[in-house]
Amino acid sequence: ADAEKARSRSRPDEAPIKTTEAQRQYSKVAFAVAAYATCSASMLIVNKLCITYLPAPTVVLFLQLSFTAVAIRAMTHYGIVDADPLDVEKAKPFVLVALAFLGALYTNVKTLQYANVETFIVFRCSTPCLIAVLDYVFLGRAMPNLKSWASLGAIVCGAVTYVSFDADFEVRAYGWVLAWYVVFAFDQIYIKYAVDQSSLSVWGRTYYMNALAVVPVSVMGLLSGESSAVSRGGLTREDEAYQWGWAGFCALTASCVAGVVMSYSAMQLRGMISATSFTVVGTMCKIATVVVNCLIWDKHASFGGLAALFICLFAGLGYEQSPLRTPQPATTKPATVGSDKV
């Protein structure tokens, strides 16, 4: 009886502890979402600027990936961050991660090279529907509830409406968007799976992904002829001859620095939320991209197209993350949300 009374007296103290822990977890996720949203919205504009001044996607990707890998290694050396050193056994699962990541980046940049920013964003808006199904099939999530399906359906309807208003329809551009769509779906699902199974820290996973992608993107640059074209100044744009200048150098430098922050924030958020939620967050943050794009570019869509695009973006606010169908077994990965290694 005394033991029961003692347990009863201890229960009120447990609730504040659980509440505090839940608040801490929520705050960490909210901060991670804000960081990723800011980076994602700005990165699209920075990449568009970079490709405008330097129309060589593989060269840009090579410089961004190399800069990120070197920057993380240097920060680790000086004790600023904690990134695991390259190890053959740990690297094996991340080879496919690097290829998926590289494929999504390359098709992303090629899409931006041949289409306006809104064209890319509207197809980005329709990806959560596919990822939700793949999340259910491969990652053990429940299917979205009716409210979430309505939200995702509204995003698709907005995308279809946007296409009907898009006067700058380009077969080449939409072909690259389709290629990006397929690669992106695989990227979202497989990388989430790899992150959940990995024992590496967040900085470690970021380092592995970028470092392992440097070699294949180098090969792509050599095969495409872009690297040699850059070295001899042979690149051209449709409207004028390509000339490297101070503006292009600044855009490239900004894209490399932003790439470090973007890679880390994305990898951190992937470990906190589901693949579908990660996709929805990335879609919603593009509202800032649209606003900035309308202010600085003359290649944006019509008023009707932009209205449809805004419907896509705001409809995603109604999405709710689906729970796991069965509880996850305990894992041995040390890099949890509250870990010092994050």
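Treat the numbers as computed from the prediction; the structure is a model and nothing was measured.

Let's talk about the overall build of the chain
Then step 1. Helices and strands together make up the secondary structure of the chain, namely 12 helices and zero strands.
Then step 2. Reading the chain from its N end, one meets helices and strands in the order α-α-α-α-α-α-α-α-α-α-α-α.
Then step 3. Buried positions account for 49% of the 342 residues belonging to the chain.
Then step 4. Expressed as a percentage of contacts within the chain between residues at least 6 apart in sequence, the contacts between residues at least 24 apart total 87%.

Description of the environment of Ser 265
Then step 1. In this fold, Ser 265 is placed in helix H9 (residues 246–270).
Then step 2. Sequence separation between Ser 265 and Thr 206 is 59 residues, and the spatial gap between their C-alpha atoms is 9.2 Å.
Then step 3. Apart from the residues lying within four places of it in its own chain, the contact partners of Ser 265 are Ala 35, Tyr 36 and Cys 39.

A short note on helix H7 (residues 202–224)
Then step 1. In this model, H7 (23 residues) spans 33 Å end to end at C-alpha, consistent with the 33 Å of a helix rising 1.5 Å per residue.
Then step 2. At Val 214, H7 shows its largest bend, some 35°, and a proline, Pro 216, comes one to four positions later.

With respect to the nonpolar core
Then step 1. Counting residues in hydrophobic clusters, the biggest one holds 40 residues, and the most contacted among them are Leu 65, Val 97, Trp 203 and Tyr 207.
Then step 2. At the level of secondary structure, the elements contributing two or more residues to this core comprise helix H1 (2–53), helix H2 (57–77), helix H3 (88–114), helix H6 (171–197), H7 and H9.
Then step 3. Of all the elements, H7 adds the most residues to this core, at nine residues.
Then step 4. Grouped together as the second largest cluster of nonpolar side chains are 24 residues, Cys 125, Ala 159, Leu 306 and Tyr 319 included.

Structural notes on the pattern of salt bridges
Then step 1. Across all of its chains, the model carries five salt bridges by this definition.
Then step 2. Salt-bridge contacts for Asp 84 lead to Lys 90; the nearest nitrogen and oxygen are separated by 4.0 Å.
Then step 3. Overall, Asp 84 belongs to the buried group, its relative accessible area being 8%.
Then step 4. The partner of Glu 320 in a salt bridge is Lys 147, with the nearest N and O atoms 3.2 Å apart. Within this pair, whereas Glu 320 is found in the segment after helix H12 (303–315), its partner Lys 147 is found in helix H5 (residues 146–165), the two being separated by 173 residues in sequence.
Then step 5. Given a relative accessible area of 49%, Lys 147 falls into the partly exposed group.

What to know about the environment of Val 202
Then step 1. Mapping Val 202 onto the fold places it in helix H7.
Then step 2. A sequence separation of 62 residues divides Val 202 from Tyr 264, and the C-alpha atoms of the two residues are 7.0 Å apart.

What to know about the packing of aromatic side chains
Then step 1. As enumerated under the stated definition, the model contains nine aromatic pairs in all.
Then step 2. On the basis of an interplanar angle of 75° and a centroid distance of 6.3 Å, the ring pair of Trp 180 and Tyr 181 is categorised as edge-to-face. Each of the two residues, Trp 180 as well as Tyr 181, counts as buried.
Then step 3. Ring geometry for Phe 186 against Tyr 190: centres 5.6 Å apart, planes inclined by 5°, an arrangement best described as stacked. You can see Phe 186 and its partner Tyr 190 sitting in helix H6, four residues apart, about one turn around the helix.
Then step 4. Exposure remark for Phe 186: the relative accessible area of 40% places this residue in the partly exposed category.
Then step 5. Through a chain of ring-to-ring contacts, the aromatic side chains of Phe 94, Tyr 207 and Tyr 208 assemble into a single cluster.
Then step 6. The cationic tip of Arg 325 hangs over the ring face of Tyr 136; the distance from NZ or CZ to the ring centre is 4.3 Å.

Some points on the packing of H2 against H7
Then step 1. Closest axis-to-axis distance for the H2/H7 pair is 8 Å, and the angle between their directions is 150°. On the basis of the axis angle, H2 is roughly antiparallel to H7. Crossing angle aside, the handedness with which H2 passes H7 is left-handed. For the pair H2 and H7, contact is made by Thr 58, Leu 61, Phe 62, Leu 65, Ser 66, Thr 68, Ala 69, Ile 72, Arg 73 and Met 75 and by Trp 203, Thr 206, Tyr 207, Asn 210, Ala 211, Ala 213, Val 214, Val 217, Ser 218, Met 220, Gly 221 and Ser 224, respectively.

Conventions used here
Residues numbered from 1 in each chain as written. Predicted model: local features only at pLDDT ≥ 70, side-chain atom pairs only at ≥ 80, totals over all residues. Heavy atoms only, no water. Helix = DSSP H or I, 4+ residues; strand = E, 2+ residues; numbered from the N terminus. Buried < 20%, exposed > 50% of the residue type's maximum accessible area, 1.4 Å probe, protein only. Contact = heavy atoms within 4.5 Å. Expected span 1.5 Å × (residues − 1). Bend = angle between axes of the 7 residues up to and from the residue. Core = buried A, V, L, I, M, F, W, Y, C linked by side-chain atoms within 4.5 Å. Salt bridge = Lys/Arg side-chain N within 4 Å of Asp/Glu carboxyl O. Phe/Tyr/Trp six-rings, centres within 6.5 Å; stacked < 30°, edge-to-face > 60°. Lys NZ or Arg CZ within 6 Å of the ring centre and 35° of its normal. Axes fitted to C-alpha atoms, helices over the stretch in contact; angles between N-to-C directions. Parallel < 35°, antiparallel > 145°, perpendicular 65-115°, else oblique. Left-handed = near helix turned anticlockwise from the far one by under 90°.

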